Amino acid sequence: MNTLLLILMLISQGFMVQPDRIEVEVAGGKRITRKLVVTNISSDTIFIRVHVEKFDQDSSGKIIFKKVADDSTVVINPLEFNLAPGDNKDVRITLSTPYDMPNEIWGMIIFSQLPPPEEKFATIRFVREIGVPYYLVPLGTFTQCDIDTSFIRHDSIFFLVSNTGLRHLRAKATYKLENVDKKEVSERTLGSVFILPEHSIYLSFPIDTLKNGKYVARLKIDYGGAFAIEGVKSFVK
Amino acid sequence: MMIKKLSLPLFILFCFSKSWAISIIILRIDSNVTFDLGSAANFPPSVLPAYYYPTQASGANPEGIRITTTVFNFFGQTVSNVYLDIKGGNDPSPSVSLSQINWTIDPATLPPAGTPIPPPPWHPLTNTWNNVAYFAPNGIVTTRRYSMDFCFKLEGDDDPTPPQGITTTVYIRFYGL
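These remarks concern the structure in this document. (Residues numbered from 1 in each chain as written. Chains lettered and ligands numbered in written order. Predicted model: local features only at pLDDT ≥ 70, side-chain atom pairs only at ≥ 80, totals over all residues. Heavy atoms only, no water.)

Attention shifts here to the pattern of salt bridges. Residue and element names in this part refer to chain A. Applying the stated criterion across every chain, the model contains 11 salt bridges over all chains. Of the charged contacts, one joins E230 and R218 as a salt bridge, the two residues approaching to 3.6 Å between their closest N and O atoms. Taken together, the residues span a long stretch of sequence, with E230 in strand β17 (residues 229–236) and R218 in strand β16 (residues 214–222) at a distance of 12 residues. Since its relative accessible area comes to 27%, R218 is described here as partly exposed. Because the salt bridges share partners, they merge into one network encompassing R21, E23 and R170. (Salt bridge = Lys/Arg side-chain N within 4 Å of Asp/Glu carboxyl O. Helix = DSSP H or I, 4+ residues; strand = E, 2+ residues; numbered from the N terminus. Buried < 20%, exposed > 50% of the residue type's maximum accessible area, 1.4 Å probe, protein only.)

Have a look at this one:
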């Protein structure tokens, strides 16, 4: 790890946090502690402040952060500290679950590198922040996904993808468009799609540049279940 | 002897299992940004609103800053996509609002003087989070570098800047899900 740190100090200035995510399957009424390591990879001493925020997801998939005044489920120690160049600090995160926990509990630990005092005359001072999400997944829950509906609006085709399970979902999505007349097929891999529990997001694909003809659009979602699911929409352009 | 024969494959299996995954997330911003209009070209302007690039910024990007994001994933990917978001803080002064500072990561020219609202790809700073970019980490090391430009919109009712200057804080957040 020291060699890695040396390489990072050569190529970069800033700070780093590991790991990038906490995800634990846990029963209700439990308390677990995880350690996050913050390392200063810049040539100056930095000041770090740590806090927790909740987040939600809108129907476009955008993450919306919400500040929380007091979250008794998360205890962070320490909440702020200085780090000399090359130094690292263990930050302990203790997460508690309520006795009755039917759904997943999630949030994000935010590490903020505050601007140094000598920047006080700059017009824009930057606070650099790294977020580490945590997910407390109820034992015995499994992923569930559905493609509810598809429609065409404003020269795009929309699929509504729903996470119907009680835990968050990371799925691989593939979009395939077939021109029925010309037997031409184009395929596009979307990579990873993230959906919070009991949330739905719209995935949209432009069709305004297509030539006239009959088309079949297929969205395949592989969410790690027994089989992948597929949404199909036929349309005439 | 059997233990020795088994140990290497077991070690390799252990290294590549999720339980051994090491993931690191890194954010670097190389500079702050200053608009000292007294030293800017075309000041004072003949037409308002007038637009100015920073007078002091990154050595790698004179119009703003360089943001470097890196995700290390050893022995198994942990997060899916990673996101880079931006949010402004306070208004720089009672007469200068946050939205007079605009940003872009796409190639753009300075809006001509007299343009009431900077056209896309310029975005005004707001005090809510806006996504700048996102990507899916791929392989052991994924690095993305962004040149983020800033421009200041000078309006007719802006009070003269006090000698100590005016300051705002901009939050740049990098996270995975």
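The discussion continues.
Right, let's get into the side chain of B:N81. Secondary-structure assignment places B:N81 in the loop between β3 (64–74) and β4 (82–88). Of the polar contacts made by the side chain of B:N81, one reaches the backbone oxygen of A:S192; its length is 3.1 Å. Here B:N81 is in contact with A:S192, B:Y134, B:F135, B:A136, B:P137, B:Y175, B:G176 and B:L177, once residues within four sequence places are set aside. (Polar contact = N/O pair within 3.5 Å; in protein donor to acceptor, adjacent residues only side chain to side chain. Contact = heavy atoms within 4.5 Å.)

The next thing to look at is unusual backbone geometry. Backbone geometry follows two general trends: most residues other than glycine have a negative phi, and most peptide bonds adopt the trans configuration. A cis amide bond, omega -5°, links B:L48 with the succeeding residue B:P49. Here B:P49 shows up in the loop between β1 (22–29) and β2 (50–52). Across the junction of B:P120 and B:P121, the peptide omega takes the value 10°, indicating a cis bond. Within the secondary structure layout, B:P121 lies in the loop between β5 (101–104) and β6 (123–124). A positive phi angle, close to 55°, is found at A:E198, a residue other than glycine. By the secondary structure assignment, A:E198 is in the loop between β14 (184–195) and β15 (200–206).

It is worth spelling out the interface of chain B and chain A at this point. Across the boundary between the two partners, chain B contributes 41 residues, which contact 41 residues of chain A. Counting the surface lost from both chain B and chain A, the interface buries some 3,800 Å², and carbon and sulfur atoms represent 58% of this. For the chain B face of the interface with chain A, the top three residues by lost area are B:I25, B:R173 and B:L177, together amounting to 18%. Inspection of the chain B/chain A interface yields 2 salt bridges. Ionic pairing is found between B:R173 and A:E53, a salt bridge with its closest N-O pair at 2.9 Å. (Buried area = accessible area lost by both parts, 1.4 Å probe.)

Residue and element names in this part refer to chain A. Pairing between strand β1 (residues 15–18) and strand β3 (residues 31–40): 4 bridges, direction antiparallel. Bridged to M16 within β3 is T39. Taken together, the 9 bridges between β3 and strand β8 (residues 88–96) define a ladder with antiparallel strand orientation. When the sheet's bridge partners are listed, T33 is paired in β8 with T94. (Pairing = 2+ DSSP bridges.)

The next thing to look at is the environment of A:I207. All names here are of chain A. Here I207 lies in the loop between β15 and β16. Along the primary structure I207 and R153 are separated by 54 residues, whereas in three dimensions their C-alpha atoms are 9.8 Å apart. In contact with I207, other than residues within four places in its own chain, are I152, D155, S156, I157, F235 and K237.

Honestly, that's just the spatial picture; any functional story needs more than this.
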